[in-house]
Amino acid sequence: MKLRVYHNLDPPRLHQLWHSCRLGPNAAEGFPRDLFELFSVSQPCFDRKGLIVAEVSGRVVGFVHAGFAPNREESGLDYTRGQICALMVHPEFRRQGIGKALVREAEQYLHREGASTVTAGAGLNQNGFYCGIYGGLEASGFCSEEFPAGFLTGKLGYQPGERTLVFRRDLKRSRDPVSARLLRHRRSLSMVITDRNLSESWWWFSRFGHLDSLRFDLKQRDSEQVVASAQIIGMDLFIPKWGVRSVGLRGVNVPEEARKQGYGQSLLLEICRRLRNESVQLVEAHVADQNTPATQLFRSSGFECRCELLTWTRTLDGPTG
Ligand SMILES: CC(C)(COP(=O)(O)OP(=O)(O)OC[C@H]1O[C@@H](n2cnc3c(N)ncnc32)[C@H](O)[C@@H]1OP(=O)(O)O)[C@@H](O)C(=O)NCCC(=O)NCCS
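Worth saying up front: this structure is predicted, and the values here are computed from it rather than measured.

Some details on helix α8 (residues 263–277)
Phase 1 of the analysis: Taking 1.5 Å of rise per residue, the 15 residues of α8 would be expected to cover 21 Å, and the 21 Å separating its terminal C-alpha atoms lies within 8% of that figure.
Phase 2 of the analysis: Burial of α8 is extensive: 12 of the 15 residues sit out of reach of the surface.
Phase 3 of the analysis: Looking one or two places after α8, you find S279, whose phi comes out positive at around 65°.

Here we look at the domain arrangement of the protein
Interfaces are frequently sized by the accessible area removed from exposure as the parts join.
Phase 1 of the analysis: Domain boundaries assigned for the protein yield domain 1 (2–163 + 309–315) and domain 2 (169–308).
Phase 2 of the analysis: Taking the mean C-alpha position of each, domain 1 and domain 2 sit 29 Å from one another.
Phase 3 of the analysis: Across the boundary between the two partners, domain 1 contributes 42 residues, which contact 27 residues of domain 2.
Phase 4 of the analysis: Summed over both sides, the interface between domain 1 and domain 2 buries roughly 2,800 Å², with carbon and sulfur atoms accounting for 60% of that surface.
Phase 5 of the analysis: It is E74, L137 and R163 that lose the most area in domain 1 upon contact with domain 2, and together they represent 27% of the buried surface on that side.

Quick look at the nonpolar core
Phase 1 of the analysis: One finds W18, F63, I84, Y130, I133, Y134 and Y158 to be the most contacted residues of the largest nonpolar core, which totals 68 residues.
Phase 2 of the analysis: In terms of residues, this core owes the most to one element, strand β4 (residues 77–89), which gives 7 residues.
Phase 3 of the analysis: Split by domain, the residues of this core number at least three in each of domain 1 (2–163 + 309–315) and domain 2 (169–308).
Phase 4 of the analysis: Sequence-distant contacts of W18, defined by excluding residues within four places in its chain, comprise L23, A27, A28, F31, F36, M88, Y130, I133 and Y134.
Phase 5 of the analysis: Grouped together as the second largest cluster of nonpolar side chains are 29 residues, F167, C272, L275 and F303 included.

So, the packing of helix α5 (residues 180–188) against α8
Phase 1 of the analysis: Contact pair α5 / α8: the axes reach a minimum separation of 10 Å and the direction vectors enclose 70°. By the criterion of interaxial angle, the relationship of α5 to α8 is roughly perpendicular. Only Y263, Q265, S266, L269, E270 and R273 of α8 make contact with α5, whose side of the interface consists of R181, L182, H185 and R186.
Phase 2 of the analysis: Across the contact of α5 with α8, the residue classes tally to 3 nonpolar, 3 polar and 4 charged.

Looking at the environment of F303
Phase 1 of the analysis: Tracing the sequence through the fold places F303 in the loop between α9 (292–300) and β13 (304–315).
Phase 2 of the analysis: The exposure class assigned to F303 is buried, which follows from its relative accessible area of 3%.
Phase 3 of the analysis: Along the chain, F303 and G262 lie 41 residues apart, while their C-alpha atoms are 16 Å from each other.
Phase 4 of the analysis: Leave out the neighbours within four places in its chain, and F303 touches F167, R168, R169, L249, C272, V283 and F298.

Re the pattern of salt bridges
Phase 1 of the analysis: Applying the stated rule across the entire model yields 25 salt bridges.
Phase 2 of the analysis: Of the charged contacts in the structure, one is a salt bridge between R163 and E308, with a shortest N-O distance of 2.6 Å. Taken together, the residues span a long stretch of sequence, with R163 in strand β7 (residues 159–170) and E308 in strand β13 at a distance of 145 residues.
Phase 3 of the analysis: Because the salt bridges share partners, they merge into one network encompassing R169, D176, R186, E270, R273, R274 and R276.

Overview of the side chain of S246
Phase 1 of the analysis: Relative to the helices and strands, S246 resides in strand β11 (residues 246–253).
Phase 2 of the analysis: We classify S246 as buried; its relative accessible area is 2%.
Phase 3 of the analysis: Beyond its immediate sequence surroundings of up to four residues, S246 is in contact with G234, M235, D236, V280 and L282.

What about the pairing of strand β10 (residues 226–234)?
Phase 1 of the analysis: Counting buried positions along β10 gives 8 out of 9 residues, so the element sits mostly inside the fold.
Phase 2 of the analysis: Where strand β9 (residues 213–220) and β10 come together, 7 bridges link them in antiparallel fashion. By the bridge assignment, K219 is partnered in β10 with V226.
Phase 3 of the analysis: Here β9 hands over to β10 after 5 residues, with E224 in that stretch at a positive phi of 65°.
Phase 4 of the analysis: With 5 bridges connecting them, β10 and β11 associate as antiparallel partners. Looking at β11, one finds that I232 is bridged to L249.

Considerations on the packing of aromatic side chains
Phase 1 of the analysis: Evaluation of the coordinates by the stated rule reveals 20 aromatic pairs.
Phase 2 of the analysis: Judged by centre distance (6.4 Å) and plane angle (40°), the rings of F142 and W312 are tilted. Taken together, the residues F142 in strand β6 (residues 142–143) and W312 in strand β13 connect sequence positions 170 residues apart. Both residues of the pair, F142 and W312, belong to the buried class.

Definitions and cut-offs
Residues numbered from 1 in each chain as written. Predicted model: local features only at pLDDT ≥ 70, side-chain atom pairs only at ≥ 80, totals over all residues. Heavy atoms only, no water. Helix = DSSP H or I, 4+ residues; strand = E, 2+ residues; numbered from the N terminus. Expected span 1.5 Å × (residues − 1). Buried < 20%, exposed > 50% of the residue type's maximum accessible area, 1.4 Å probe, protein only. Domains from an automatic or database assignment. Contact = heavy atoms within 4.5 Å. Buried area = accessible area lost by both parts, 1.4 Å probe. Core = buried A, V, L, I, M, F, W, Y, C linked by side-chain atoms within 4.5 Å. Axes fitted to C-alpha atoms, helices over the stretch in contact; angles between N-to-C directions. Parallel < 35°, antiparallel > 145°, perpendicular 65-115°, else oblique. Nonpolar A, V, L, I, M, F, W, Y, C, P; charged D, E, K, R; others polar. Salt bridge = Lys/Arg side-chain N within 4 Å of Asp/Glu carboxyl O. Pairing = 2+ DSSP bridges. Phe/Tyr/Trp six-rings, centres within 6.5 Å; stacked < 30°, edge-to-face > 60°.

Shown next, in the form of structure tokens:
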């Protein structure tokens, strides 16, 4: 087995490997090779030294993709916070030490570039790669159903990190909740929809810039005051796998002074109503498990937690064995 860094002839073989690795329900499949390149090696933060390929007798049998978290301003990378953005070994070559060797090689790359920690799975809003083809709305972690946690927490010495809850609502099967407050809001509020995302950060554009997006602002009809806003991201690359049109909902925000008055719920229900009219069947949102207000909001708006995306962390304090 040989490990080497990425070169330009790799994308067809990595694309094929992706489709052979049984990555689970949260991985898109059946998309063309150029889209694989777009969401991985064409990303602005791509460094070929961070993508390490495992070969056996000239055949590509696994790869690990290491990268970095964004800085606080989301204007560039924070090189102290390393990540393992993707990791896979072909099923026929598992349990032969290839995954472990790939992780150790990725850690050495991250340490050389200045990382003091590494997070496998990257985390919510942290993965600069594979948004659009892994995780659903975004690549917030590795899928709890498929990824063997014991692989990282055993000999590799990682600790469990953040958990992201994946909420979904099937718009065909679920009915909107009804209340006097919701009816009042429908009369007093209006929705403004825009497709211009000029205020978004570099990080946002590098992750979602290739995908369809719209911004929704719920305003008071009389004062024009915005009481809730959110954005939607198209998830069309999941159609071949899931067989339904899906949309991701993110960036839900209710200004401090407007909270606890049901505006968040009114916004989500109004967005769902409009998406249903556009033949969208599934709406998905990713929420940190610690974020109680957001999890309650999604539950009260007819969403159910369908799976979890997980991360694992480790400090990099020197050469690893
Ligand atoms: C996780 C993965 C990369 C492991 O690769 P691998 O080459 O089989 O791992 P290794 O052989 O290096 O395993 C090293 C150790 O990890 C542990 N381990 C590996 N796979 C394990 C599993 N399925 N369950 C529990 N422990 C496991 C074992 O302790 C193993 O040592 P041992 O075989 O001597 O007992 C592989 O299972 C995989 O590709 N899974 C799917 C990837 C995925 O979902 N990625 C997320 C999206 S990018």
